[in-house]
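Below are the chains, spelled out letter by letter.
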Amino acid sequence: MSRNKVLVWYVCSEWILFLLSMFLYWMVPTGKWIVAGCGMAVVMIPGFIYYAYRERTLKKLSGYLTRVRNGHYEMELQDYKEGELSILKSEIYKMTLMLTEQAELLKKDKVYLADAISDISHQLKTPLTSIGMMADFLNADALPEEKRKEFARNILHSLNRMSWLVTSLLKISKLDAGTIVLKKETILLKDVIDSAVKDLLVLMDIRQITFSIEGNEDDTVLGDRLWLSEAVGNFVKNAVEHTKEGGRITVRYEENRLYSSIVIEDNGSGIAKEDLPHIFERFYRGKNSGVESVGIGLALAKQIVVMQKGSVSVESKEGVGTKFCLRVYR
């Protein structure tokens, strides 16, 4: 059975009228040719009706496609009847919905890109300005040697900060673009944590922060060692930045049948209640953020964990401390 009911109706009508014309042609004794001519004219009527119907529908479809091409997606073209043209209408409607969604995503991407470029420009502008000023001071002949060394250290510090920012942005861009393939290997949780904190131990020692690791040395996690270490390192770095001298940072880890978890807890300044929903947003800086914070470390860390089938949760109370819990599911 054909799915086009209009075509079926047209063919059936043609046959009925044709048979009727033949019947009249043989039954009417006089004027057979007149009857035959009228019969043929009647037979052609459904064809003209069908042709007019198709032309009108195709014209509507053509006009709708023109509007879609010009970016107007508001017209709905749903048709629940059967038939070739109805199927075409349905497919056009589906395409329209897809184009609408893509247009909205492109708008969001443009806004995000503009905001990201603005944030990056702002973050790079400050150290660049500082470097330029200190470079001018270094050109002064009467500058004391002690000041010269201080300015040189400040320039190096600013360059290191810019290098870290650019490196972090490149990592995020690669993760967003999907150009990085994360490994799936069984690794010791202790090795991940040791690798994550090795560059922060000296800073914690200078600030007299008590640091401890608790967990079974045989516990493992399924993931990419380098990228998990990157994520854990960013969480620990955040804890160091918000913990005062003489404070405490504890990292606990464990493994069970469902997931492997790492908990980073400190007794630092904590996170304000109004900042908690936004701390994983890129370039977001809460009211307790440090002067040099750019609001990218936690965003990168969470993205890494999520891409390895994990989750991140946070508990914090201002003035008491913060606890981050990372879970990587099996």
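Residues numbered from 1 in each chain as written. Predicted model: local features only at pLDDT ≥ 70, side-chain atom pairs only at ≥ 80, totals over all residues. Heavy atoms only, no water.

K.L.:
I'm lost on the packing of aromatic side chains in this one. Help?
P.N.:
When we look at a pair of aromatic rings, we describe it by the centre distance and by the angle of the planes. Tallied over the entire structure, the rule returns four aromatic pairs. Residues Tyr259 and Tyr329 carry aromatic rings whose centres are separated by 5.6 Å and whose planes lie at 70 degrees to one another, so their mutual orientation is edge-to-face. Of this pair, Tyr259 sits in strand 5 (residues 259–266) while Tyr329 is found in strand 7 (residues 321–329), placing the two residues 70 residues apart along the sequence. Tyr329 sits in the partly exposed class, given a relative accessible area of 33%. Pairing Phe280 with Phe324 gives two aromatic rings, centres 6.3 Å apart and planes at 70 degrees, and the pair type is edge-to-face. Of the two residues, Phe280 sits in the loop between strand 5 and helix 8 (297–307) while Phe324 sits in strand 7, which places them 44 residues apart along the sequence. Each member of the aromatic cluster is reached from another via a ring pair, and the members are Phe235, Phe280 and Phe324. (Phe/Tyr/Trp six-rings, centres within 6.5 Å; stacked < 30°, edge-to-face > 60°. Helix = DSSP H or I, 4+ residues; strand = E, 2+ residues; numbered from the N terminus. Buried < 20%, exposed > 50% of the residue type's maximum accessible area, 1.4 Å probe, protein only.)

K.L.:
Help me understand the sheet that holds strand 4 (residues 248–255), please; the structure alone is not making it clear to me.
P.N.:
To summarise the sheet geometry, strands pair through backbone hydrogen bonds and adopt either a parallel or an antiparallel arrangement. Spatially, 2-4-5-7-6 is the arrangement adopted by the five strands of the open sheet, whose pairing is mixed. Of all strands in the sheet, those with a lone pairing partner are strand 2 (210–214) and strand 6 (310–317), marking the two edges. The mean angle between the axes of side-by-side strands here comes to 10 degrees, regardless of whether they run parallel or antiparallel. Along the sheet, helix 5 (residues 189–197) contacts strand 2, strand 4 and strand 5; its crossing angle with strand 4, the most-contacted strand, is approximately 155 degrees. (Pairing = 2+ DSSP bridges. Axes fitted to C-alpha atoms, helices over the stretch in contact; angles between N-to-C directions. Contact = heavy atoms within 4.5 Å.)

K.L.:
Teacher, can you tell me more about the environment of Leu99 here?
P.N.:
Considering the arrangement of structural elements, one finds Leu99 in helix 3 (residues 84–138). For Leu99, a relative accessible area of 25% corresponds to the partly exposed category.

K.L.:
Sorry, what's going on with the layout of surface pockets here?
P.N.:
Considering only enclosed or pocket space, the second largest pocket measures out at about 470 Å³ in volume. What lines the second largest pocket is a set of 20 residues, among which Trp164, Asp199, Leu200, Asn234 and Lys237 lie closest to the centre. Secondary-structure elements contributing two or more residues to the lining of the second largest pocket are helix 4 (145–177), helix 5 and helix 7 (225–241). Top element by residues in the lining of the second largest pocket is helix 7. It accounts for eight residues. (1 Å grid on protein atoms, 1.4 Å probe; cavity = no way out; pocket = protein on both sides within 12 Å on 5 of 7 lines; lining within 4 Å. Points joined across faces, edges and corners; volume = space filled by probe spheres on them.)

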